[in-house]
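Residue-level structure breakdown
Each chain is listed here by its residues.
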There are 2 protein chains.
Amino acid sequence: MTTTSSAPGKVYLFGEHAVVYGEPAVPCAIERRARVTVSERDDDRLRVSADALSIDGFTVEYGNASDDGPDVDVPTPLVEAATGYVDEAVAQARDAAGRPDAGFDVEIESEIPLGAGLGSSAAVAVAGIDAATRELGVKLDTREVADRAYRVEHEVQDGQASRADTFCSAMGGAVRVEGDDCTTLEAPDLPFVVGYDGTSHDTGELVSGVRALRDEFEFAADTVETVGDLVREGERALADGDVETLGRLMNFNHGLLSALGVSARTLDNMVWAARDGGAVGAKLTGAGGGGSIVALDDDGGSVTALSLTPDCEEAFRAELATEGVRVE
Amino acid sequence: MTTTSSAPGKVYLFGEHAVVYGEPAVPCAIERRARVTVSERDDDRLRVSADALSIDGFTVEYGNASDDGPDVDVPTPLVEAATGYVDEAVAQARDAAGRPDAGFDVEIESEIPLGAGLGSSAAVAVAGIDAATRELGVKLDTREVADRAYRVEHEVQDGQASRADTFCSAMGGAVRVEGDDCTTLEAPDLPFVVGYDGTSHDTGELVSGVRALRDEFEFAADTVETVGDLVREGERALADGDVETLGRLMNFNHGLLSALGVSARTLDNMVWAARDGGAVGAKLTGAGGGGSIVALDDDGGSVTALSLTPDCEEAFRAELATEGVRVE
């Protein structure tokens, strides 16, 4: 048998980084998906092939034991990044189905660049758990998929994960995450534009940088709290469908993230390109240090402006994905 | 007789905009000066000639009465900007010397671009008052020159002035301004680098923009307070001569100013160029919206990096001017 599930990537409308310290954040699922196709094998082994991630595709085959790692000729960190999430997603599926020895052929296709701050790893974890459990005849509740996918990220990212990415990818739409408290939000149709600089960055390092600033300077801790207050204001604007205010709040949020040291020259360039192109607001999205920006723009002039920006490798419109994880 | 006085321009190490709301700020005088040469006339008229401001020089001659304005063929706002400060400086000198009918030929030479956020108007006011009073045989205390120059800015800028620029230009060195409380600070030799984008901007409009944000959003008012906390931290780093921490605090301050909506694409470009060129920190200086950035860089690599940045019209090293207003 073969099962394919897909799950969307996400942008942060507001609140990345501050969410690590208990402030609320509002990620939104975007209509760019990771698709994970799973076939149960006769043995207990895993065979993972990945396509269209940020590397040129790879195939690895390895056993169930943790010391029997992949032996392939592509950069190890990238393989580890991709296979780590699949490994742990399969472990969650085995656990959920009570089938510790189940083996799989796993194929990953993704429209979401890896390490771009667009939630590719969360989407792979969510879709992987959903597909692998269905393949074993178990249908999990979406919230349980989200919860297990969080445990995957928590495991792979050395405890640095927030529930935001995985909950958003599983549920779709706009969501609110504050600590362990995750809820879905009503949202208007948001005209997202994404710009991506083609680079990937170490989330853990960026999170540690903010933590160090926060530990050293009380005003940096205050800045993190200010992000939380801004997010609460943003929730009201979202409920009112007030896109213009959402844009202004995104601009403010970007400045606070810059203060916290997680912006980059490429990100600032893309943010200004989007604003100059007509966006009502723009900010970096995700961990920062490079990666992606998100803007709100009805007319799409910001896509053109971003396309003409040397620092921008890819620019695209991305509708709010109202549907989260789904079987294909 | 002829008297020439000069006064330095300034950069904000920390705290512009927040200073308007009673937070402390630390401007520093830089070794770029405005020179005002004054000769008493036989009549009560003013003749003002300006050279090397951001326009190509102009000469105007007009009477003492306020309705008898200049009649010249250069853009009116620029003439008003330059002559407004001279007018009011002369009024202060007349008042200080008890010579309400004194007339002058005034010549302004400035190494500080006008409207660039580098304190050219304050320097002109300070040097103008000093030169005109000396020309009338009166020697004012430097603090009185500063106070009268503040009244000049207050008058010309419709009550939007802070004491920071004029006090700094009069006293020289690094100073601390918190409301009406102005003090001089001990400071190490700070390796300032300045980048200027060639544009000038409306300080009043930028101040109003911050005020509107602050009135609308409590988190924006908190951000202004955070700038104040950062400045207090900066004073400690300055006292310790800790240039590396000063740089990091400048970077943080720039992010907070960006959040408050007063940065610009050109300013962000120059800030990143300076950082990439080796500066330990960089931020916009002054009202923003365009204008100038200031960086700290021992090696001067940031001057080269700025010179190669299309958005930067002029880049230069600027030592801390330990001497304020002086007769030449």
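Residues numbered from 1 in each chain as written. Chains lettered and ligands numbered in written order. Predicted model: local features only at pLDDT ≥ 70, side-chain atom pairs only at ≥ 80, totals over all residues. Heavy atoms only, no water.

Within an unreviewed UniProt entry, the label attached to chain A reads Mevalonate kinase, and the organism entered is Halobacterium litoreum. Here is the UniProt Pathway (unreviewed entry) comment for chain A, exactly as written: "Isoprenoid biosynthesis; isopentenyl diphosphate biosynthesis via mevalonate pathway; isopentenyl diphosphate from (R)-mevalonate: step 1/3." The UniProt entry for chain A carries this comment under Catalytic activity (unreviewed entry): "(R)-mevalonate + ATP = (R)-5-phosphomevalonate + ADP + H(+)". (UniProt positions renumbered as here; feature names shortened; annotations may be inferred.)

1. Some details on the packing of aromatic side chains
Here the structure, examined in full by the defined rule, presents four aromatic pairs over all chains. Both rings, one in A:F217 and one in A:F219, keep their centres 5.0 Å apart while their planes meet at 20°; by these two values the pair is stacked. Relative accessible area serves as the criterion here: at 2%, A:F219 is assigned to the buried category. On the numbers, 4.9 Å between centres and 85° between planes, the contact of A:F252 with B:F219 is edge-to-face. Remark: B:F219 occurs in helix 6 (residues 218-240) and A:F252 occurs in helix 7 (residues 243-259); the pair is interchain, linking two chains. In this structure an aromatic cluster arises from ring pairing among A:F217, A:F219 and B:F252. (Phe/Tyr/Trp six-rings, centres within 6.5 Å; stacked < 30°, edge-to-face > 60°. Buried < 20%, exposed > 50% of the residue type's maximum accessible area, 1.4 Å probe, protein only. Helix = DSSP H or I, 4+ residues; strand = E, 2+ residues; numbered from the N terminus.)

2. A short note on the packing of helix 3 (residues 142-156) of chain B against helix 4 (residues 164-171) of chain B
Residues and elements named next belong to chain B. Between helix 3 and helix 4, the shortest axis-to-axis distance is 8 Å and the interhelical angle comes to 150°. By the angle between their axes, helix 3 is roughly antiparallel relative to helix 4. In the crossing of helix 3 with helix 4, the sense of the turn from one axis to the other is right-handed. Residue-level inspection shows T142, R143, A146, A149, Y150 and E153 of helix 3 in contact with helix 4, the latter providing D165, T166, F167, A170 and M171. Looking at side-chain class alone, the contact of helix 3 with helix 4 contains six nonpolar, two polar and three charged residues. (Axes fitted to C-alpha atoms, helices over the stretch in contact; angles between N-to-C directions. Parallel < 35°, antiparallel > 145°, perpendicular 65-115°, else oblique. Left-handed = near helix turned anticlockwise from the far one by under 90°. Contact = heavy atoms within 4.5 Å. Nonpolar A, V, L, I, M, F, W, Y, C, P; charged D, E, K, R; others polar.)

3. Structural notes on the UniProt feature "domain: GHMP kinase N-terminal" (unreviewed entry) in chain A
When the UniProt feature table is mapped to this numbering, "domain: GHMP kinase N-terminal" (unreviewed entry) covers residues 85-173 of chain A. Taken end to end, residues 85-173 of chain A has its terminal C-alpha atoms 23 Å apart, with 58% of it in helix and 8% in strand.

4. Things to note about the relation of the copies chain B and chain A
Aligned on chain A, chain B shows an RMSD of 0.1 Å; the corresponding rotation is 180° and the shift along the axis is 0.0 Å. Here the symmetry operator amounts to a two-fold rotation axis. Looking at the rotation axis and the C-alpha trace of chain B, the residue lying nearest is B:G255, at 2.5 Å. Taken together, the interface assignments show that 100% of the residues at the interface of chain B recur at the interface of chain A, consistent with an identical surface on both copies. (Least-squares fit on C-alpha atoms with pLDDT ≥ 70 in both.)

5. Quick notes on the pattern of salt bridges
A full pass over the atoms with the stated rule returns 50 salt bridges over all chains. A salt bridge links A:E314 to A:R32, with the nearest nitrogen and oxygen atoms 3.3 Å apart. A residue pair is termed long-range when its members are at least 10 positions apart, and A:E314 in strand 11 (residues 314-318) and A:R32 in strand 2 (residues 26-40) qualify at 282 residues. On the basis of relative accessible area, A:E314 is assigned to the partly exposed category, the value being 29%. Between B:R326 and B:E328 there is a salt bridge whose closest N-O contact spans 2.9 Å. Here B:R326 falls in the partly exposed class, since its relative accessible area comes to 23%. Classification of B:E328 by relative accessible area gives partly exposed; the value is 47%. When salt bridges with common partners are traced through the structure, they connect A:R35, A:E111, A:E323, A:R326 and A:E328 into a single cluster. (Salt bridge = Lys/Arg side-chain N within 4 Å of Asp/Glu carboxyl O.)

6. Looking at the pairing of strand 10 (residues 292-296) of chain B
Residue and element names in this part refer to chain B. Counting buried positions along strand 10 gives five out of five residues, so the element sits mostly inside the fold. Burial along strand 10 is two-sided: the face carrying S292, V294 and L296 and the face carrying I293 and A295 are both buried. Bridge count for strand 8 (residues 191-196) against strand 10 is five bridges, and the pairing is antiparallel. Its bridge partner lying in strand 10, V194 is registered against V294. (Pairing = 2+ DSSP bridges.)

7. Examining the layout of surface pockets
All names here are of chain B. Estimates place the volume of the second largest pocket at around 980 Å³. Lining the second largest pocket are 40 residues, and of these Y85, Q157, H201, T203 and G204 sit closest to its centre. Breaking the lining of the second largest pocket down by element, the ones donating at least two residues are strand 1 (3-14), helix 1 (76-97), helix 2 (120-135), helix 3 and helix 5 (203-216). In terms of residue count, the dominant contributor to the lining of the second largest pocket is helix 1 (five residues). Across the lining of the second largest pocket, the residue classes break down as 14 nonpolar, 19 polar and seven charged. Shared between two domains, the lining of the second largest pocket holds at least three residues of each, these being domain 1 (2-186) and domain 2 (192-318). (1 Å grid on protein atoms, 1.4 Å probe; cavity = no way out; pocket = protein on both sides within 12 Å on 5 of 7 lines; lining within 4 Å. Points joined across faces, edges and corners; volume = space filled by probe spheres on them. Domains from an automatic or database assignment.)

8. With respect to the domain arrangement of chain A
All names here are of chain A. The domains assigned to chain A are domain 1 (2-186) and domain 2 (192-318). Computed over C-alpha atoms, the centres of domain 1 and domain 2 are 24 Å apart. Each partner contributes to the roughly 2,800 Å² buried at the junction of domain 1 and domain 2, and carbon and sulfur atoms together form 66% of this total. Per-residue buried area on domain 1 facing domain 2 is highest for F14, H17 and Y21; these three make up 27% of the total on that side. Applying the counting criterion to the domain 1 and domain 2 interface returns four salt bridges. The closest approach of N and O atoms between R232 and E23, which form a salt bridge, is 3.5 Å. (Buried area = accessible area lost by both parts, 1.4 Å probe.)

9. Looking at the UniProt feature "binding site: ATP" (unreviewed entry) in chain A
All names here are of chain A. In the numbering used here, UniProt assigns the feature "binding site: ATP" (unreviewed entry) to P113, L114, G115, A116, G117, L118, G119, S120, S121, A122 and A123. Here A116 is to be found in the loop between strand 5 (104-110) and helix 2 (120-135). Given a relative accessible area of 3%, A116 falls into the buried group. Leave out the neighbours within four places in its chain, and A116 touches Y196, T199, G291 and S292. With a relative accessible area of 22%, G117 lands in the partly exposed category. When near neighbours in sequence (up to four residues on either side) are disregarded, G117 contacts K10, T285 and G286.

10. Quick word on the sheet that holds strand 8 of chain B
Residues and elements named next belong to chain B. Spatial ordering of the open sheet is given by 9-10-8-11, a layout of four strands whose pairing is antiparallel. The sheet terminates laterally at strand 9 (281-285) and strand 11 (314-319), the two strands that pair on one side only. When the angles between neighbouring strand axes are averaged without regard to direction, this sheet yields 25°.

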